[in-house]
Amino acid sequence: MAYHREHGVKVRIVRIFNTYGPRMRWRMGAPCPIHVQALEGKPLTCMEREARPQLVLRQRPCGGLYRLLMSNQTGPINLGNPEEVSILQLAHAIIRATQSKSSIVFEPLPEDDPQRRQPDITAAREKLGWEPHVSLEDGLAKTLPYFQSSLQNPSQPTEPRRAD
């Protein structure tokens, strides 16, 4: 933003909220660990306080990013899902989708956990004509087979390769 203000450089600023989907690093970040826990039949870990991330299938923000790049908007523009889903609701949806026998266990919430997670995507809707359109169930149906394949074929790369 400083270069934009000082030198007139064209910039686009976007905030991408919680995403999930195929080709995601399943060992890192929420909510991926509970997908894998369910597929392995392990207990699903939920936090004691009701965390409510807004989840959007990973491919969906790409359309918003493209629209932002092609626009004259500087931003910041939030790309995410304004519909809250609790981690407990997500855990139950994953258990249903995987037909897992996993139980749910509760752990203390980390001290640095953000209190507000809900993105305001008004600017994305009004200025870019973008909003997410994939339900949680449809997103899980696209994501879980990838994680299952990754677990069955650990020698296959599950993370993007680095260009060295």
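All values reported here derive from a predicted model rather than from experimental measurement. (Residues numbered from 1 in each chain as written. Predicted model: local features only at pLDDT ≥ 70, side-chain atom pairs only at ≥ 80, totals over all residues. Heavy atoms only, no water.)

A. Quick look at the nonpolar core. Ranked by size, the top nonpolar core spans 15 residues in total, and within it I34, L44, L90, A91, I94, L136 and L140 carry the most contacts. Of all the secondary structure elements, the ones that give two or more residues to this core are α2 (32–39), β3 (44–47), α4 (87–98) and α6 (136–152). I77, I121, A124 and L128 belong to the second largest nonpolar core, which has seven residues in total. (Core = buried A, V, L, I, M, F, W, Y, C linked by side-chain atoms within 4.5 Å. Buried < 20%, exposed > 50% of the residue type's maximum accessible area, 1.4 Å probe, protein only. Helix = DSSP H or I, 4+ residues; strand = E, 2+ residues; numbered from the N terminus.)

B. Expanded view of the pattern of salt bridges. Scanning the model with the defined rule gives two salt bridges in all. K42 serves as the salt-bridge partner of E40, at 3.1 Å between the closest nitrogen and oxygen. Measuring nitrogen to oxygen at the nearest pair gives 3.2 Å for the salt bridge that ties R125 to E131. A residue is classified by how much of its surface remains accessible, and E131, at 32% relative accessible area, is partly exposed. (Salt bridge = Lys/Arg side-chain N within 4 Å of Asp/Glu carboxyl O.)

C. Representation of the side chain of S102. For S102, the position within the fold is in the loop between α4 and β6 (104–107). A relative accessible area of 9% places S102 in the buried class. Within the structure, the side chain of S102 is placed 2.7 Å from the backbone oxygen of K42, a separation counted as a polar contact. Of note is the side chain of S102, whose polar atom sits 2.7 Å from the side chain of S100. Sequence-distant contacts of S102, that is, excluding residues within four places in its chain, are made with Q37, A38, G41, K42, L44 and I95. (Polar contact = N/O pair within 3.5 Å; in protein donor to acceptor, adjacent residues only side chain to side chain. Contact = heavy atoms within 4.5 Å.)

D. Up close: the confidence of the model for the protein. When pLDDT is averaged along the protein, the result is 77; 76% of the residues meet or exceed 70. Taken as a whole, residues 157–164 scores under 50 in pLDDT and shows 14 contacts with residues more than four places along the chain or in a different chain. (pLDDT = per-residue confidence, 0-100.)

E. Structural detail: the side chain of Q37. Positionally, Q37 belongs in helix α2. Setting aside its immediate chain neighbours within four residues, Q37 contacts K42, P43, L44, T45 and S102.

F. Molecular detail of the environment of R23. For R23, the position within the fold is in the loop between β2 (19–20) and α2. The sequence separation of R23 and T143 amounts to 120 residues, and the corresponding C-alpha distance is 8.4 Å.

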